[in-house]
Amino acid sequence: MMVEQTFNIEGMHCASCAAAVERSIEGLKSVNKSEVNIVTKTLNISYDEKLISQDDIINSIAKAGFSAKLVADDKKDEIIEEAKPSNARLYISLILAFILFCLNMLPMLIEGLSIRESLGLSPFHYALLQFFICLPIIILNRKLYIRGVKSLINLSPNMDTLVTIGSSTAFLYSVYITLIMGNNAAFLHNLNYESAGMIVALVTFGKHMEENAKHKALSAVRKLMELAPDTALKINEDGSITEVATSDVVKGDTILVRSGMRFPLDGSIISGSVSVDESMLTGESLPVEKNAGDKVRSGTVLVSGNSAVVMAEEIGEDTVLSSIVRFVKEAQTKKAPIARLADKLSGYFVPFVISIALIAALYWAYMGKEAQFVINIFVSVMVIACPCAMGLATPMAIVSGVSLGAKNGILVRSGEVLEKAHKVDTVLLDKTGTITKGKLKLKRIIPLDIEDRELLDVAMQAEQLSPHPIAKAIVEECRARGIVSPAASEINSFQGGIYATLNDGRKVYIANEKAMNELNIDISYFSKEINKSKQAGETVLFTAVDNKLVGFMSFFDMLKENAHELVNKLDKLNIETVLVTGDNKNTAKEIAESSGIRQFMAEVKPTDKADILADYQNQGKTVMMVGDGINDAPALALADVGVSLGSASDIAIETADIILMNDNLLGIIKALKLSHLTIKNIKQNLALAFMYNILSIPLAAGLWYAISGQALSPMVGAIAMSLSSLSVVSNALRLGREEL
């Protein structure tokens, strides 16, 4: 019998850890599927419980160096409620590392400066001071060492392994020098406490940023869940109304929803004619008219109309909103098949370095050299081949890349995003609020038997108190023309329009085509204009005064100024662009043609966007999704790279990998360039790191002794290591000066 269960995984913190857990599961029989979520630190697994047990899964994961614990069904929602990472350990580590840096490097940079003499310390006590400053850094970050040792034992070395070997070698050798130095100041140059402390502090800083990114990702799910109201107004059998918890509502209950309230569940309207803002679900910029028999969804807002009575049909986990929440959580589990380059390289580099160091030491011992010479050879190889530069290569480039992005109004959620974005070959664009302004504008006004200003004046009086997007467009146009009018004395909304009594007693209707036909007001005069507007994807309204048609108005969602330029630049990069929208085909076609987009998909439902995106991914495409609405959240989460605008909904922002703070669509081009520059910088850094190690290891292993008759001092190895780190850091800082 197949069962699906969730396990919490302790000790999992990076992509290579997740890969190790997945590899441990691959060896088990009858596992149908398994997905590791590095964000929630969980394993979702489907398996045949007749062939393997929970203990088999837990034991298999334990062999990989991690601990697993089954999550009870009623506790699964608590997975997303993890504590935000503490700053204390990071700040203390960075401060202590900076002090170590000053103690060792300032005398080298400032001629004549002797901090030791200024403090009145002997060489031994100066070394001891550095020991007691470095030791707390190691103790505070002891889990890093534990993980590094475990990964080495399990033959899956990663960045923790590199840092553990490098910093431990530097620290232990420094302790050894401290113990034998006495008061000989010459030995101070052999100390590497600052190397041990600095690399651990910088790695801690990088991991802290990653944990913050994970916490942000989790909050996106939380905010989705908060869209549904906690309470509902239940209509009892005697007609009385009681406020109850939404969770207490059952199918068949009757619920009252008033103007301005969110619908607490999915259902059908029993009575009431209202306008509902469904933009968070469908992406439609206009509220949707609803009357008896129409469906309403949890989380949508009743924006006009007094109230609606709703029959509860789908509750709890069965609502559309809940399905979107689940979809986002599942999409966050999906990972791009990109392993971290430094972790891959370290899998070969670390065993190689250890082997060379041991072989060199054993060789010189066999040749009869004294113990100190042998130790010097071993330590020199380990120090000169210290993977500090490798450890810095990726995080320093990412820190510089993220900083460069921030300077240009591009916020990047994590370093992994920069690793993915440079491979994007397909961009899916949402319409409303993304390539359009998400704001209606009056495009055409055609009066009949009255002047333009009089028609606008009538509309201004009737519409200025309405929150409807069309009303706002009318008011904006009137103010732009200097038309100021008092509000009508009486205003009522109805299905498809508004009815108002002006202060001079005239009766005004402003409504759509269907409503005007129902009112028996002849609008055939504007037949050609109606067809023209429909072809252009415009929204049309008519105005009648005392039952006489007096005007035609059309509205459109304005294309953003740089939308066409964005599409052109993506074309030049050989990136396919597709418009995906919930709007009708005419509107989608008009926007696509205006912006230069060759492909478009219209009337797309929220979950369909994610399905469309998945289809492209199944074709081997690397997909970027650009959206701004709640309805875009599932696709943003599933995309290889999700991009949102700074003015977007909170859910879209929290789900996206990249946020364009200035709402400039050309930020997409800058983000792609940023990714290319960052990946190039990472590869350069790794090349520099390996070049130093490849040239230096033979010298430290004995080649220098064969040439000069003297073993290479660990101090020289430390200098070489520092130079390699300096070259990497300098190259990474250069990235921050690039133009996007």
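Everything quoted here is computed from the prediction, not taken from an experiment.

1. Remarks on the overall build of the protein
Line of reasoning, step 1. For the protein, the count of helices and strands is 26 helices and 26 strands.
Line of reasoning, step 2. Considering only intrachain contacts with a sequence separation of at least 6, the fraction spanning at least 24 residues in the protein is 68%.
Line of reasoning, step 3. In the form shown here, the protein has an accessible surface area of approximately 33,200 Å², with 56% of it arising from carbon and sulfur atoms.

2. Details of the environment of Leu-559
Line of reasoning, step 1. With respect to the helices, strands and loops of the structure, Leu-559 is situated in strand S21 (residues 548-559).
Line of reasoning, step 2. Between the C-alpha atoms of Leu-559 and Ser-595, which are 36 residues apart in sequence, the distance is 7.7 Å.
Line of reasoning, step 3. Once residues within four sequence positions are removed from consideration, Leu-559 is found in contact with Ile-435, Thr-436, Lys-437, Ile-591, Ser-594 and Ser-595.

3. Looking at the sheet that holds strand S10 (residues 288-290)
Note on sheets: strands pair through backbone hydrogen bonds, and any given pair is parallel or antiparallel.
Line of reasoning, step 1. Strand order across the open sheet formed by 3 strands is S10-S9-S12, with antiparallel pairing between neighbours. Of all strands in the sheet, those with a lone pairing partner are S10 and strand S12 (301-304), marking the two edges. Within this sheet the neighbouring strands show an average axis-to-axis angle of 45°, counted without direction.
Line of reasoning, step 2. Pairing of strand S9 (residues 274-277) with S10 involves 3 bridges; the strand directions are antiparallel. When the sheet's bridge partners are listed, Val-276 is paired in S10 with Val-288.

4. Remarks on the side chain of Asp-657
Line of reasoning, step 1. Assignment of secondary structure puts Asp-657 in the loop between helix H24 (650-655) and strand S26 (658-660).
Line of reasoning, step 2. No salt bridge is formed by the buried Asp-657, whose closest oppositely charged neighbour, Lys-420, lies at an N-O distance of 5.9 Å.
Line of reasoning, step 3. Residue contacts for Asp-657: discarding those within four places in its chain leaves Leu-411, Val-412, Arg-413, Val-417, Leu-636, Ala-639, Asp-640, Val-641 and Gly-642.

5. Considering the confidence of the model for the protein
Line of reasoning, step 1. Chain-level statistics for the protein give a pLDDT mean of 81 and a share of 84% at 70 or above.
Line of reasoning, step 2. Note on residues 331-340: pLDDT is under 50 here. Beyond four places in sequence and across chains, it has 24 contacts.

6. Brief notes about the nonpolar core
Line of reasoning, step 1. Core analysis: the largest hydrophobic core is formed by 36 residues, its most contacted members being Met-624 and Ile-668.
Line of reasoning, step 2. In terms of residue count, helix H25 (residues 667-708) provides more of this core than any other element does, 6 residues in total.
Line of reasoning, step 3. Every residue in contact with Met-624, bar those within four places of it in the chain, is listed here: Val-424, Thr-426, Val-427, Leu-428, Val-641, Val-643, Ile-668 and Leu-672.
Line of reasoning, step 4. In this structure, Met-181, Leu-191, Ala-196 and Val-203 belong to the second largest nonpolar core, which totals 28 residues.

Thresholds, definitions, all that
- Numbers given to residues run from 1 along each chain, matching the order in which its sequence is written.
- Thresholds applied to this predicted model are a pLDDT of at least 70 for local features of residues and 80 or more for the giving and counting of side-chain atom pairs; totals over whole chains, interfaces and linings are not thresholded and use all residues.
- Only hydrogens and water are set aside; all other atoms, that is, all heavy atoms of the structure, feed into the side-chain values.
- Numbering of helices and strands runs from the N terminus; a helix is a DSSP stretch of H or I covering at least four residues, while a strand is a stretch of E covering at least two.
- Here a residue-residue contact requires only that any non-hydrogen atoms of the pair lie within 4.5 Å.
- The method behind every accessible area is Shrake-Rupley, applied with a 1.4 Å probe, and residues are considered shielded solely by the protein chains displayed.
- In this analysis, strands are considered paired if DSSP registers two or more bridges between them.
- Here an axis means a line fitted to C-alpha atoms, over the contact stretch when the element is a helix, while the angle between two N-to-C directions is reported on a 0 to 180 degree scale.
- For every residue, the accessible area (1.4 Å probe, protein chains only) is compared with the maximum for its type, and the residue is labelled buried under 20%, exposed over 50%, or partly exposed between those bounds.
- Positive charges come from Lys and Arg alone, negative charges from Asp and Glu alone, with His and the N- and C-terminal ends not counted.
- A pair is scored as a salt bridge if a Lys or Arg side-chain nitrogen falls within 4 Å of a carboxyl oxygen belonging to Asp or Glu.
- As a per-residue measure, pLDDT reflects the predictor's confidence and takes values from 0 up to 100.
- Throughout this description, the term nonpolar core refers to a set of buried Ala, Val, Leu, Ile, Met, Phe, Trp, Tyr and Cys residues connected via side-chain atoms within 4.5 Å.

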